[in-house]
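Single-letter residue listing:
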Amino acid sequence: MLSPDNQTPAHANPDDGLPLLFADTFGGKPDAAARAPGRVELIGNHLDYNGGRVAGATIDRFVRVAARKRTDSRILLSSRGFGETVEADATRLEKRTGAEAWANYPLGVLAALRRNKGLEPGGLEAVIDSSIRAGAGLSSSAALELASALAFAKLAGATLTREELVTIGRSAENDFVGVPTGLLDQTTCAFGERHQVVFIDSKTGASSLSPLPATARLWVFTTGVSHKLADSAYSTRHQECREAAEFFRKRSPGVEWLADVSPAELEKAAKVLPAAVGKRARHIVSENARVRQMEARLREGDLAEAGKALFESHASSRDFFENSCPELDFLVAELRGQSGVFGARLTGGGFGGAVLALTSPHFSQEQAREVAGQYAVHFAVPQPKVFACATAPGACLLSL
Ligand code: GLA
């Protein structure tokens, strides 16, 4: 996908460029177009497949998809960022590897539309434009899934509810791409709104919005360490959490999910649980409590206390879930020393990706640059991308 930033002049509406991109690529006009935002995970690290509560917010970085039906069964997917057109056949949707692997998200959406909704858009051509840095932990994949789902469903004459969007996106990711992710990304992407945080109950999938206080600012500090490399580590954590949940289910009646375990039960089991599994459980149980704290602190508008929960969340991910890395830890430590920073933590899957910082409006671009500069010197790399982001509306169809 495209590397972010500066691809459109600040005054232009980037949605307007999409029909032009389509015309340049395929000629003529698209039949459907859609846009879906990236997200930050505010807190609730790896709780979304453990029956916990998670919080995310949609940000003003987007994937846009414009598509047109074909009369044959050919599928042509063109991504401006990847610079390659991937060809497929609607009658035989097969998983891609290597440089074409990005196409598994839209192809997975087509497979899910067929399986879950009986929808057959048939052959199509689509352009994909993205301002979400892939591999940064900002969920460019869910955005690609949801924008594709909206546009492709429209080609098949259907509209999808937000709940259906979540189901289609998750099915593409879990069943076609094959990563056992939870529901945070697609739910946030579908239900996010400007100035709001999406709180999600991962047991039921239900979500609710809670206002982000007006003085809160969100910053993203990328590490440049692609968390794409971490798919297998994600699956390992998933498996360890399943083992832990299984252990407690047998021992403590009433426990169905790992997040149901009480701190006292966890304490009692500490000696008998395998060390790694015990650590994962410790993270999940304490993180679930932090999400509730965060919810209360945001409601009260107490950003200083909300920020503390972010720092604590990062320490727990680092020490117990062990999904941080030196680059993420460095950024969080640097941010802790900056005035105006309430809190910071890794956001998303971890093992690379980005750090999210919650700051006051006084935290400045100069300070952000200083942190990025320290990072560049410490790791002897170019300055990492750093940006402030505004909250944004969830996935939607675009009028043409
Ligand atoms: C990734 C996954 C999400 C969630 C986070 C960690 O972003 O896609 O489902 O598990 O990691 O909280």
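A brief report on the enclosed structure follows. The residue count restarts for each chain, going from 1 along the sequence in the order it is written. Since the coordinates come from a predicted model, pLDDT governs what is reported: local features require at least 70, and pairs of side-chain atoms require 80 or more to be given and counted, while whole-chain, interface and lining totals use all residues. With hydrogens and water excluded, all non-hydrogen atoms of the structure serve as input to the side-chain values.

## Describing the overall build of the protein chain
By definition, any uninterrupted DSSP run of H or I lasting at least four residues is a helix, any uninterrupted run of E lasting at least two residues is a strand, and each is numbered from the N terminus. When you go through the protein chain residue by residue, the secondary structure sums to 11 helices and 12 strands. Taking the principal axes of its C-alpha atoms as reference, the protein chain extends roughly 65 × 50 × 40 Å. Partly exposed residues are those whose accessible area sits between 20% and 50% of the maximum for their type, while under 20% is buried and over 50% is exposed, using a 1.4 Å probe and protein chains only. In the protein chain, buried positions account for 57% of the 400 residues. In the protein chain, the share of contacts with a sequence separation of at least 24, taken over all contacts with a separation of at least 6, comes to 73%. By the counting scheme adopted, Arg and Lys are positive, Glu and Asp are negative, and His together with the chain ends is not counted. Lys charges are placed at NZ, Arg charges at CZ, Asp charges at CG and Glu charges at CD. If you average the places of the 45 positive and of the 46 negative side-chain charges in the protein chain, the two averages end up 2 Å apart. Working rule for contacts: check all heavy atoms of both residues, and any pair within 4.5 Å makes them a contact.

## Quick word on the pattern of salt bridges
Just to be clear on terms, a salt bridge is a Lys or Arg side-chain nitrogen sitting within 4 Å of an Asp or Glu carboxyl oxygen. According to the stated counting rule, one finds 27 salt bridges in the structure shown. The shortest N-O distance in the salt bridge between Glu-287 and Arg-290 comes to 2.9 Å. Here the residue Glu-287 and the residue Arg-290 both occupy positions in helix 8 (residues 275-300), the gap between them amounting to three residues, near one helical turn. Note on accessibility: Glu-287 and Arg-290 belong to one class, buried. Connected through salt bridges with shared partners, the residues Arg-237, Glu-240, Lys-279, Arg-280 and Glu-322 form a single ionic network.

## Details of the packing of aromatic side chains
Only Phe, Tyr and Trp rings take part, Trp by its six-membered ring, and two of them pair if their centres are within 6.5 Å. Stacked means planes under 30 degrees apart, edge-to-face means over 60, and tilted covers everything else. On inspection of all chains with the given rule, the structure shows eight aromatic pairs. The interplanar angle of 55° and the centroid separation of 5.4 Å between the aromatic rings of Phe-22 and Phe-26 together place this pair among those described as tilted. Taken as a pair, Phe-22 and Phe-26 lie in helix 1 (residues 17-26) at a separation of four residues, close to a single helical turn. Relative to Tyr-375, the ring of Phe-330 has its centre 6.1 Å away and its plane inclined at 70°; by these criteria the two rings are edge-to-face. A residue pair is termed long-range when its members are at least 10 positions apart, and Phe-330 in helix 10 (residues 326-336) and Tyr-375 in helix 11 (residues 365-379) qualify at 45 residues. The exposure class of Phe-330 is buried, given its relative accessible area of 15%. By definition here, charges over rings are those cases where NZ of Lys or CZ of Arg is within 6 Å of the ring centre and within 35 degrees of the ring normal. The ring of Phe-62 carries Arg-35 above its face, with NZ or CZ at 4.6 Å from the centroid. The residue whose ring lies beneath Arg-336 is Phe-311, and the NZ or CZ to ring-centre distance is 4.1 Å.

## Some remarks on the state of the cysteines
Pairs of cysteine sulfur atoms within 2.5 Å are identified as disulfides in what follows. The final tally for this structure, using the stated rule, is zero disulfides. Cys-189 supplies the cysteine sulfur nearest to Cys-389, a cysteine that is in no disulfide, at a spacing of 14 Å. Cys-189 supplies the cysteine sulfur nearest to Cys-396, a cysteine that is in no disulfide, at a spacing of 9.8 Å. Owing to a relative accessible area of 25%, Cys-396 belongs among the partly exposed residues under this scheme.

## Points about unusual backbone geometry
A positive phi angle, near 60°, is found at His-46, a position not held by glycine. The topology assignment puts His-46 in the loop between strand 1 (32-43) and strand 2 (53-69). His-46 sits in the buried class, given a relative accessible area of 3%. If you check the backbone angles, Ser-139 has positive phi at about 60° while not being a glycine. Tracing the backbone through its elements, the reader meets Ser-139 in the loop between strand 5 (124-130) and helix 3 (140-155). When its relative accessible area of 8% is taken as the criterion, Ser-139 is described as buried.

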